[in-house]
Amino acid sequence: MSSIYGILSFNNYQPTIAVVRQIEELTGWWKPESNYHFIKDNVALGQQNLFTHENAATENQNIFKHPSGLKIITDARIDNRQDLLDELKLPAAISNSELILNLYLKYEEDCFSKLIGAFAIAIWDNANKKLVLGRDHLGVKPFSYYFKGDLFVFGTQRKSITAVTE
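Since the model is a prediction, treat every value here as computed from it, not as a measurement.

## Describing helix α5 (residues 158–165)
Here α5 has its buried residues at Ser 160, Ile 161, Ala 163 and Val 164. Axial view of α5: buried residues confined to an arc of 155°, hence all on one face. Packed against the buried residues of α5 are β1 (2–9), α1 (17–27), β7 (144–148) and β8 (151–155).

As structure tokens, then:
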């Protein structure tokens, strides 16, 4: 089990570490084994992980330092992982987030059609002020969102939304 959440404001609201901590407290009821977030200007992204598959432990905050400058958070079980690693010529030791980010860099939004498994994904492109969201085709991974006025909040747990909107 993992959990992702995010906030995007279209006005002067800037997510704070206090809001992020509140989301993490509400959504971390299952005691995540890793927890990281990114906050910059009007965007906050966060990911909490439980190491339920062999590559889960490779998920960490270093993904926010990717050379592309893109920021990604994922709650993903990728069933065709090896096929994608072979196609992109990537090492097996990378995280699902890094694999998906490389897939996105090659195929942009079409990358989601290449994934087989259960996933919820958010990619922030700061250079283009663009948020890209994807979810598995069958909706196995929950993905809720709230959009009102100038505020967009999303998460794989509804509690992450109520932490911001109540």
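The rest of the description comes next.
## A closer look at the side chain of Thr 74
You can see Thr 74 is positioned in strand β4 (residues 71–78). Residue Thr 74 is classed as buried on the basis of its relative accessible area, which comes to 2%. Here Ser 97 takes part through its side chain, which lies 2.8 Å from a polar atom of the side chain of Thr 74.

## Regarding the packing of helix α2 (residues 81–88) against helix α3 (residues 96–107)
In contact at an axis separation of 11 Å, α2 and α3 are set at 50° when each is read in the N-to-C sense. Relative to α3, the element α2 lies oblique. For the element pair α2 and α3, the recorded crossing hand is left-handed. On the side of α2, the interface is formed by Arg 81, Leu 84, Leu 85, Glu 87 and Leu 88, while α3 contributes Asn 96, Leu 99, Asn 102, Leu 103, Lys 106 and Tyr 107. For the contact of α2 with α3, the class distribution of residues is six nonpolar, two polar and three charged.

Quick notes on the rules
- Residues numbered from 1 in each chain as written.
- Predicted model: local features only at pLDDT ≥ 70, side-chain atom pairs only at ≥ 80, totals over all residues.
- Heavy atoms only, no water.
- Buried < 20%, exposed > 50% of the residue type's maximum accessible area, 1.4 Å probe, protein only.
- Helix = DSSP H or I, 4+ residues; strand = E, 2+ residues; numbered from the N terminus.
- Arc of directions from axis to C-beta.
- Contact = heavy atoms within 4.5 Å.
- Polar contact = N/O pair within 3.5 Å; in protein donor to acceptor, adjacent residues only side chain to side chain.
- Axes fitted to C-alpha atoms, helices over the stretch in contact; angles between N-to-C directions.
- Parallel < 35°, antiparallel > 145°, perpendicular 65-115°, else oblique.
- Left-handed = near helix turned anticlockwise from the far one by under 90°.
- Nonpolar A, V, L, I, M, F, W, Y, C, P; charged D, E, K, R; others polar.

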